[in-house]
Amino acid sequence: MTACDVNGPETCIKCPVCSKFVLPDDIECHLVMCLTRPRLSYNEDVLSDAKGECVICLEELSAGDTIARLPCLCIYHKGCIDQWFEVNRSCPEHPGD
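Here is what the cut-offs are and how they apply
- Residues numbered from 1 in each chain as written.
- Predicted model: local features only at pLDDT ≥ 70, side-chain atom pairs only at ≥ 80, totals over all residues.
- Heavy atoms only, no water.
- Helix = DSSP H or I, 4+ residues; strand = E, 2+ residues; numbered from the N terminus.
- Buried < 20%, exposed > 50% of the residue type's maximum accessible area, 1.4 Å probe, protein only.
- Contact = heavy atoms within 4.5 Å.
- Areas by Shrake-Rupley, 256 points an atom, 1.4 Å probe, with all protein chains shown as cover.
- Salt bridge = Lys/Arg side-chain N within 4 Å of Asp/Glu carboxyl O.
- Pairing = 2+ DSSP bridges.
- Axes fitted to C-alpha atoms, helices over the stretch in contact; angles between N-to-C directions.
- Core = buried A, V, L, I, M, F, W, Y, C linked by side-chain atoms within 4.5 Å.
- Arc of directions from axis to C-beta.

Trainee: Would you mind going over the overall build of the chain with me for this structure?
Mentor: Each helix and strand in the chain was counted, giving 3 helices and 5 strands. Along the chain, from the amino end to the carboxyl end, the secondary structure elements read α-β-β-α-β-β-β-α. Taking all 97 residues of the chain together, 27% fall into the buried category. Across the chain, the fraction of contacts at a sequence separation of at least 24, relative to all contacts at a separation of at least 6, is 26%. For the chain, the exposed area adds up to about 6400 Å²; of that, 53% sits on carbon and sulfur atoms.

Shown next as structure tokens:
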């Protein structure tokens, strides 16, 4: 349980980087940590068969698409995750990891 859970979210500030709620006294340190944390690395691959939908662009992941596989094993179109990482530093489906 965090201090924001105890004191209520109205007493906290939402981090623009990771979307976590942080106490006002801790936000500066938290932002420095978020902004200096390296983005996730990924393995690039070409799909051999369809794998559902890319949750970033909501288009199908089709055979022959160049994809990125993150350490959490989530996959996205490589171009989609590259654009995502320009603004974010975590998996779209696992932002707290």
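Having seen the model, we can carry on.
Trainee: Looking at this structure, I do not really get the pattern of salt bridges. What am I missing?
Mentor: Charged atoms that come close allow side chains of opposite charge to pair. Counting across every chain of the model gives 2 salt bridges. Two residues, Lys51 and Asp49, come together in a salt bridge whose shortest N-O distance is 3.7 Å. For Lys51, a relative accessible area of 46% corresponds to the partly exposed category.

Trainee: Sorry, what's going on with the environment of Gly79 here?
Mentor: Examined against the element boundaries, Gly79 turns out to sit in helix α3 (residues 78-87). Measuring from C-alpha to C-alpha, the distance between Gly79 and Thr66 comes to 8.3 Å, with 13 residues separating the pair along the chain.

Trainee: Just to check I follow, could you spell out the sheet that holds strand β3 (residues 43-46) for this structure?
Mentor: Backbone-to-backbone hydrogen bonds join strands into a sheet, with any given pair of strands oriented parallel or antiparallel. On the basis of which strands lie adjacent, the open sheet formed by 3 strands has the order β3-β4-β5 and antiparallel pairing. Looking at the sheet topology across the chains shown, the edges are occupied by β3 and β5 (75-77). Within this sheet the neighbouring strands show an average axis-to-axis angle of 35°, counted without direction. Where α3 meets the sheet, it contacts β3, β4 (66-69) and β5, and its direction lies at approximately 95° from that of β5.

Trainee: Hey, could you run me through the nonpolar core in this one?
Mentor: Nonpolar side chains in soluble globular proteins tend to end up buried together. Core analysis: the biggest nonpolar cluster contains 13 residues, and Leu61, Leu70, Tyr76 and Ile81 have the highest contact counts within it. Counting only elements with at least two residues in this core, the list comes to β4, β5 and α3. Broken down by element, the residue count for this core peaks at 3 residues, all from α3. Residues contacting Ile81, with those up to four places away along its chain left out, are Tyr42, Ile56, Ala68, Leu70, Tyr76 and Pro92.

Trainee: Is there a simple way to explain α3 in this structure?
Mentor: Burial in α3 covers these residues: Cys80, Ile81 and Phe85. Considered in projection along α3, the buried side chains sweep an arc of 130° and stay on one side of the axis. Residues Gln83, Glu86 and Val87 are exposed on α3 and point more than 90 degrees away from its buried face. Each element contacted by the buried residues of α3 is listed here: β4 and β5.

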